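# Structural overview for review
If you want the building blocks of each chain, they are given just below.
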Amino acid sequence: MTDRKALADFLRRRRALIRPADVGLPEGTRRRTPGLRREEVAMLAGVSTDHYTRLEQARGSAPSESVVNAVARALQCDLDERDHLFYLAGMTPPPRRGHVRPGLVALANRLTDLPVMICNDLGEVLFTNPMADLLLGHLRGGRKTENMVWRWFTDPDFRQMPEEDWDRISAVHVSDLRATHARRAGQPDITGLVDDLLAASSEFRGLWERHEVGVRRADRKTFLHPEVGTVEVRCEVLFSEGQEIQLVAYFPAEGTDAAEKLDLLRVIGTQAFS
């Protein structure tokens, strides 16, 4: 059973402790209370403001596991606080492997001029800072529809890159997943994802049969953005000790106009949020 009153109290108290600068947001000029606004937490968690507001008001439907996880990340909960949030929501906390430490989220949010994404070794997007949201869209959570590898091979609209780059990106995705599959052999999450991809995509099957392995540590990509056009970036990947968590930072590619276009995106995002 969800302890609605205690859940609401915990959410309000955690929200009051987080400053906008801690999550890469501007301070603004009309803050009447400390901490984040409800709509800011909702935006960071990728849920509706109405749904989050109802949680803080101890009413409405009980939150799902994915919502609790997303809110815990938005409020920069450590493992104990995340588990406590799950207990208050009436659920058993998920395993602790692959948890994103608050310090890593804080680092991503401090890089206010760069798109930064945190994902796990399955390709599931766990966190994006505001610049990454502007460049890449909202890809948070653990469902297949928010898994970069799954979407790349099953959703044509996800390939917002020049067509001549598709073959290379596909091969990189598969060789990277091969390394995870070998390192975590037999674990249900990785075997389930691979089995589903083999069933869903003939392109994935063909690449998987080549048995090429390679962990991606750096890359160069070109994004086709609907508002600013072509954006060429250099990707740098930082791994956690067990390689389960990856922080991906996107730097403007040298010799291109990507820096100016990222600056423009930041202005667009600031105006939209204001």
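Structural data are supplied above this passage.
So, here is what we can say about the structure in this document. (Residues numbered from 1 in each chain as written. Predicted model: local features only at pLDDT ≥ 70, side-chain atom pairs only at ≥ 80, totals over all residues. Heavy atoms only, no water.)

### Description of the nonpolar core
Phe153, Leu177, Leu197, Phe204 and Tyr250 are the most contacted members of the largest nonpolar core, which totals 37 residues. Per-element tally for this core: the top contributor is helix H8 (residues 148-154), with five residues. The residues contacting Leu197, other than those within four sequence positions of it, are Val149, Trp150, Phe153, Leu177 and Phe204. (Core = buried A, V, L, I, M, F, W, Y, C linked by side-chain atoms within 4.5 Å. Buried < 20%, exposed > 50% of the residue type's maximum accessible area, 1.4 Å probe, protein only. Helix = DSSP H or I, 4+ residues; strand = E, 2+ residues; numbered from the N terminus. Contact = heavy atoms within 4.5 Å.)

### Some remarks on the pattern of salt bridges
In the structure shown here, the tally under the stated rule is 23 salt bridges. Between Arg54 and Asp50 there is a salt bridge, with its nearest N and O atoms 3.1 Å apart. Taken together, the positions of Arg54 and Asp50, both in helix H3 (residues 49-56) and four residues apart, correspond to about one turn of that helix. Between Asp121 and Arg183 there is a salt bridge, and its shortest N-O distance comes to 3.0 Å. Note that Asp121 is positioned in the loop between strand E1 (116-120) and strand E2 (125-128) and Arg183 in helix H9 (residues 166-183), a separation of 62 residues in sequence. Overall, Asp121 belongs to the buried group, its relative accessible area being 6%. On the basis of relative accessibility, which here comes to 36%, the residue Arg183 falls in the partly exposed class. Through salt bridges with shared partners, one network takes in Asp121, Arg183, Arg184 and Asp189. (Salt bridge = Lys/Arg side-chain N within 4 Å of Asp/Glu carboxyl O.)

### Thoughts on the packing of aromatic side chains
Centre-to-centre distance and the angle between the planes together describe a pair of aromatic rings. Scanning the model with the defined rule gives three aromatic pairs in all. Centroid distance Phe153 to Phe204: 5.3 Å. Interplanar angle 80°. Geometry classified as edge-to-face. With Phe153 in helix H8 and Phe204 in helix H11 (residues 202-209), this residue pair connects regions lying 51 residues apart in the sequence. Like Phe153, the residue Phe204 is buried in the burial classification. Between Phe223 and Tyr250 the ring centres are 5.9 Å apart and the planes differ by 75°, which places this aromatic pair in the edge-to-face class. Here Phe223, found in strand E3 (residues 218-225), pairs with Tyr250, found in strand E5 (residues 245-252); they are 27 residues apart in sequence, far enough to count as distant. The aromatic ring of Phe153 is capped on one face by Arg159, whose charged end is 5.9 Å from the ring centroid. (Phe/Tyr/Trp six-rings, centres within 6.5 Å; stacked < 30°, edge-to-face > 60°. Lys NZ or Arg CZ within 6 Å of the ring centre and 35° of its normal.)

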